[in-house]
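What follows is the residue order along each chain.
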Amino acid sequence: MKEDNCLHAALICLGMLSYSLAIATEKLNRSQLSLHGHHEKGKEGQVLHRSKRGWVWNQFFVIEEYTGPDPVLVGRLHSDIDSGDGNIKYILSGEGAGIIFVIDDKSGNIHATKTLDREERAQYTLTAQAVDRNTNRPLEPPSEFIVKVQDINDNPPEFLHENYHANVPERSNVGTSVIQVTASDADDPTYGNSAKLVYSILEGQPYFSVEAQTGIIRTALPNMDREAKEEYHVVIQAKDMGGHMGGLSGTTKVTITLTDVNDNPPKFPQSVYQMSISEAAVPGEEAGRVKAKDPDIGENGLVTYNIIDGDGIGKFEITTDYETQEGVVKLKEHVDFEKKRAYSLKVEAANIHIDPKFISNGPFKDTVTVKISVEDADEPPIFVPATYVLDVEENAGPGAAVGRVHAQDPDAKNSPIRYIIDRHTDLDRYFSINAEDGSITTTKSLDREEMAWHNISVVASEVHNRHQEAKVPVAIRVLDVNDNAPKFAASYEATVCEKQQANKLLLTIAAEDKDDAANGPRFIFGLPPEMMQKPNFTLRDNRDNTAGIYAKRSSFSRQTQDSYFLPIIISDGGKPPQSSTNTLTIRVCGCNGNGDVLSCNPEAYTLNAGLSTGALIAILACIVILLVIVVLFVTLKRQKKEPLIVFEEEDVRENIITYDDEGGGEEDTEAFDIATLQNPDGINGFIPRKDIKPEYQYMPRPGLRPAPNSVDVDDFINTRIQEADNDPTAPPYDSIQIYGYEGRGSVAGSLSSLESATTDSDLDYDYLQNWGPRFKKLADLYGSKDIFEDDS
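Predicted model only: the values in this text are computed from it and were never measured.

With that settled, consider the overall build of the protein chain. In terms of regular secondary structure, the protein chain is built from five helices and 43 strands. Within the protein chain, the fraction of its 792 residues that count as buried is 34%. Across the protein chain, the fraction of contacts at a sequence separation of at least 24, relative to all contacts at a separation of at least 6, is 67%. As displayed, the protein chain has an accessible area near 49,100 Å², and 51% of this comes from carbon and sulfur atoms.

Our next topic: the sheet that holds strand β7 (residues 109-112). Across the sheet, three strands lie side by side as β4-β7-β6; this open sheet has antiparallel pairing. Of all strands in the sheet, those bounded by a partner on one side alone are β4 (72-76) and β6 (101-103). In this sheet, adjacent strand axes meet at a mean angle of 25 degrees when their direction is disregarded. With three bridges connecting them, β6 and β7 associate as antiparallel partners. Among the inter-strand pairings, Ile103 is bridged to a residue of β7, identified as Ile110.

Glancing now at the sheet that holds strand β30 (residues 417-421). Pairing is mixed in the open sheet, where four strands are placed in the order β27-β34-β33-β30. In this open sheet, the two edge strands, each paired with only one partner strand, are β27 (388-393) and β30. The average undirected angle you get between the axes of adjacent strands in this sheet is 30 degrees. Relative to strand β33 (residues 453-462), β30 runs antiparallel, the two sharing five bridges. Following the sheet pairing, Arg418 is matched in β33 by Ser461.

Let's shift gears to a nonpolar patch on the surface. A cluster of nonpolar residues, Ile619, Leu620, Ile623 and Leu627, forms a patch on the protein surface that exposes about 390 Å² of accessible area. Tracing the chain through its elements places Leu620 in helix α1 (residues 613-638).

As enumerated under the stated definition, the model contains two disulfides in all. Each sulfur of the disulfide joining Cys497 and Cys591 lies 2.0 Å from the other. Judged by the sign of its S-S torsion, about -85 degrees, the bond between Cys497 and Cys591 is left-handed. With a gap of 94 residues between them, Cys497 in strand β36 (residues 493-497) and Cys591 in strand β42 (residues 579-591) connect regions that are remote in the sequence. Residue class for Cys497 comes out buried when judged on its relative accessible area of 9%.

A few words now on the confidence of the model for the protein chain. For the protein chain, the average pLDDT comes to 78, and 76% of its residues sit at 70 or higher. Element-level pLDDT for the protein chain is lowest in strand β1 (residues 39-41), with a mean of 34, against a maximum mean of 96 in strand β23 (residues 326-331). Note on residues 755-759: pLDDT is under 50 here. Beyond four places in sequence and across chains, it has one contact. In this model residues 785-792 is a low-confidence stretch, pLDDT under 50, and it forms one contact with partners more than four residues away in sequence or in other chains.

The next subject is α1. In an α-helix, one full turn covers 3.6 residues, which means residues spaced three or four apart are oriented alike. With 26 residues, α1 extends 38 Å between its outermost C-alpha atoms, agreeing within 8% with the 38 Å of an ideal straight helix rising 1.5 Å per residue. Of all 26 residues making up α1, only zero are buried, and the element is barely covered by its neighbours.

Our focus in this paragraph is the side chain of Asp132. Relative to the helices and strands, Asp132 is located in strand β8 (residues 123-132). Buried Asp132, no salt bridge; nearest opposite-charge side chain is Arg137, N-O distance 5.1 Å. Ignoring anything within four residues of it in the chain, the contact list for Asp132 reads Asn87, Arg137 and Leu139.

Position of Asn582 relative to the elements: it lies in strand β42. Residue classification places Asn582 among the buried positions, given a relative accessible area of 12%. Engagement of the side chain of Asn582 in a polar contact is seen with the side chain of Ser580, the distance being 3.3 Å. Not counting residues within four places of it along the chain, the set of residues in contact with Asn582 comprises Pro486, Lys487, Phe488, Leu566, Pro567, Ile568 and Ile570.

Here we take up the nonpolar core. By size, the foremost hydrophobic cluster in this structure holds 25 residues, and its most contacted members are Val290, Tyr305, Phe316, Val347 and Val370. Counting only elements with at least two residues in this core, the list comes to β19 (272-278), β20 (286-290), β21 (303-310), β22 (316-321), β23, β24 (342-351) and β25 (365-375). Apart from residues lying up to four places away in sequence, Phe316 is in contact with Ile277, Ile307, Val329, Lys330, Leu331, Lys332, Val335, Tyr343, Leu345 and Ile372. Core analysis: the second largest hydrophobic core is formed by 24 residues, Ala511, Phe525, Ala547 and Ile570 among them.

A separate point is the packing of aromatic side chains. Overall, the coordinates contain 14 aromatic pairs when judged by the stated rule. Both rings, one in Phe537 and one in Phe556, keep their centres 5.6 Å apart while their planes meet at 5 degrees; by these two values the pair is stacked. You can see Phe537 sitting in strand β39 (residues 537-541) and its partner Phe556 sitting in the loop between β40 (546-551) and β41 (563-571), a full 19 residues away along the chain. Overall, the relative accessible area of 5% leaves Phe556 in the buried class. When the ring of Phe556 is compared with that of Tyr564, the centres are 5.7 Å apart and the planes differ by 70 degrees; the resulting orientation is edge-to-face. Each of the two residues, Phe556 as well as Tyr564, counts as buried. Every member of this aromatic cluster is reached through a ring pair, and the members are Tyr207, Phe208 and Tyr232. One residue, Lys444, lies across the ring of Tyr430, its end atom 5.2 Å from the ring centre. If you follow Arg540 out to its NZ or CZ, it ends over the ring of Tyr550, 4.4 Å from the centre.

The linkage connecting Gln205 with the following residue, Pro206, adopts the cis geometry, with an omega of 5 degrees. Considering the arrangement of structural elements, one finds Pro206 in the loop between β14 (198-203) and β15 (208-210). Cis rather than trans, the peptide bond between Lys575 and Pro576 has omega equal to -10 degrees. The residue Pro576 is located in the loop between β41 and β42 in this model. In this structure, Asn136 is a non-glycine residue whose phi angle is positive, near 60 degrees. A residue is classified by how much of its surface remains accessible, and Asn136, at 48% relative accessible area, is partly exposed. Here the phi dihedral of Gln325 falls at roughly 60 degrees; this positive angle occurs in a residue that is not glycine. Examined against the element boundaries, Gln325 turns out to sit in the loop between β22 and β23. Overall, the relative accessible area of 14% leaves Gln325 in the buried class.

So, about the pairing of strand β17 (residues 231-239). Where β14 meets β17, five bridges bridge the pair, whose relative direction is antiparallel. Paired with Ile201 across the strands is Ile236, a residue of β17. For β17 and strand β18 (residues 249-259), the ladder comprises nine bridges, and the chain directions are antiparallel. If you follow His233 over to β18, its bridge partner there is Thr255.

Reading guide: rules and limits
Residues numbered from 1 in each chain as written. Predicted model: local features only at pLDDT ≥ 70, side-chain atom pairs only at ≥ 80, totals over all residues. Heavy atoms only, no water. Helix = DSSP H or I, 4+ residues; strand = E, 2+ residues; numbered from the N terminus. Buried < 20%, exposed > 50% of the residue type's maximum accessible area, 1.4 Å probe, protein only. Contact = heavy atoms within 4.5 Å. Areas by Shrake-Rupley, 256 points an atom, 1.4 Å probe, with all protein chains shown as cover. Pairing = 2+ DSSP bridges. Axes fitted to C-alpha atoms, helices over the stretch in contact; angles between N-to-C directions. Patch = residues over 30% accessible without salt bridge, like charges linked within 9 Å, V, L, I, M, F, W, Y side chains within 5 Å. Salt bridge = Lys/Arg side-chain N within 4 Å of Asp/Glu carboxyl O. Disulfide = S-S within 2.5 Å. pLDDT = per-residue confidence, 0-100. Expected span 1.5 Å × (residues − 1). Lys, Arg positive; Asp, Glu negative; His and termini not counted. Polar contact = N/O pair within 3.5 Å; in protein donor to acceptor, adjacent residues only side chain to side chain. Core = buried A, V, L, I, M, F, W, Y, C linked by side-chain atoms within 4.5 Å. Phe/Tyr/Trp six-rings, centres within 6.5 Å; stacked < 30°, edge-to-face > 60°. Lys NZ or Arg CZ within 6 Å of the ring centre and 35° of its normal.

Now the structure itself:
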């Protein structure tokens, strides 16, 4: 084998040109490149030097979705150094080698053992190598090649959505874009027409059309009316292979809704509406409703209502109910059946939002006539006038005339009226009324100074229908008469110095009168005639409803007379005039040189050497404080608590007694007398208490008290427990009682050596050796006894 020999490779490609495997033919693509030397001629005879290569491969192709019974032959490997003796072994490695692609190591044939799907994987990269079969020595360097999966039309087009929804305004122009639908094909778009899609419309004609290349749906008819048909269902098909026969297809549904525009004006379904309302209706009450129909929806169908003409334009009004799209006719002012029995209105309904594109379809409004009849109602009586103000003089006796009220029935039948006074407004029953003619009179005397105005209410009702009633306020003014005499405006008291300047003003007084101003001022002041002879004081009328009091003398004595009472006559200006006598108290006081009052107390002369009033008060306060302290101290001392139980003698159980004798244990009954634990008072069965008083005396149950010299501790304890449980005078709280009882036995027994040292005992004390170092001394004392006896 020459050194410059090169490896030649042959490629055989099989292609399927038809879908029927029965008539399929194989195409053998052979690629073979031989390298016969180290040189190749280049351009214009130039010699190119290159390194030796093993082999160069073209691309292999295999058709996808092959379902034949035998593996598909992809290609064949062959080397010039292969003499056919089987010494060369062909090896294949890389993507899918040994699983999808297998090679005959002798012949070099490559087969595809599985069905390939280009949509899952479009190509595979493999590596081929020729080696010595016996030594596995590479005969040529490895080389890569690519196996491409050739596409077939095995995938139908698929739309992005199964259902589409779109809107387009009604009455849109032809060609208006509605929506674009898009489909995709998983086949190879670069190979053939397997992925070339064409759109068409299967359902929805002649209303809509679709662009074959883009999938844009457009309107195909003009003036489509939403009010005629609102929703359309369109089916769009996408087909591959450019739409030719044999191509695969997919469909989708498109729901197209026509949106509303304001292309319809409102219309009343009738030309005249008949309504009625009672004359007893109050303003704001509904008389009826009108409605103009507009087939548009949303804001395009909104309608507003207005009254544009009619003789009832001032009596009625109309509002729009936007929930029901109705015009509500309401009463604006009261109507009277007796005055006018029918009204007419002209109502207009108009769209709120108007589309300028469809203004030619207008006008977008309509009118209707509304006739309203007034119904007669049984109305309550009416007072004329609506309020009353009446006068009556005070002090007028019962039965005095005050005035008269009048009401009438506004209805045509003019029913008779009955009058009463609302007693909630006349609780004291000062007035009465004639039920037939409405005359008001007094029932008792009235006092203007007590109540100047009386506000009552009179109720008028129809005789034949008491439910029809009306009420009117009546204000009654009580006129004043001069029945009150004037008096001092305040409680006056004057002072005069013992050494007083003659004719000096002591006090200015004023007067008041409960009567009205016409029967009050001007007040006239004066002194009784008997006070004019040798007067001590004089009075001067200031003619302004005040008067001044003056001292006539220049000296007064408190010891002779410490106060004076001056009667003053006051008259008013009423007709007839009223007068009263008022007494002014004038006290005589001691004054300094400037005329300032020092003291008006006459005892100041007799108590100069004694104690003053302030000192006496201080002494009395000190005595009261001392008495309070003493009483508090005694009270606290008495409240001191004493023991709950009083013992006549000291109880032995309340003491701690120390003995040097441990005793012989609970079996030793001679070391201690248990009778000493018994309370002498407890023997009688009762312990006196000071905190409570028993309702009855507790008597101990017979047979429960032990003998005084009893040594049975169990009986003693049980007896005491039963006495405590059955004692109704026992303290209402828990108590701790201690008993000198150890128990019924002990594992260790008694450790006392007082008695055991003088008596012979057969006890074995060897176990003390196991009790630890604390009992070592006892173990030595008692454990050595046996040793001593053995030695003896």
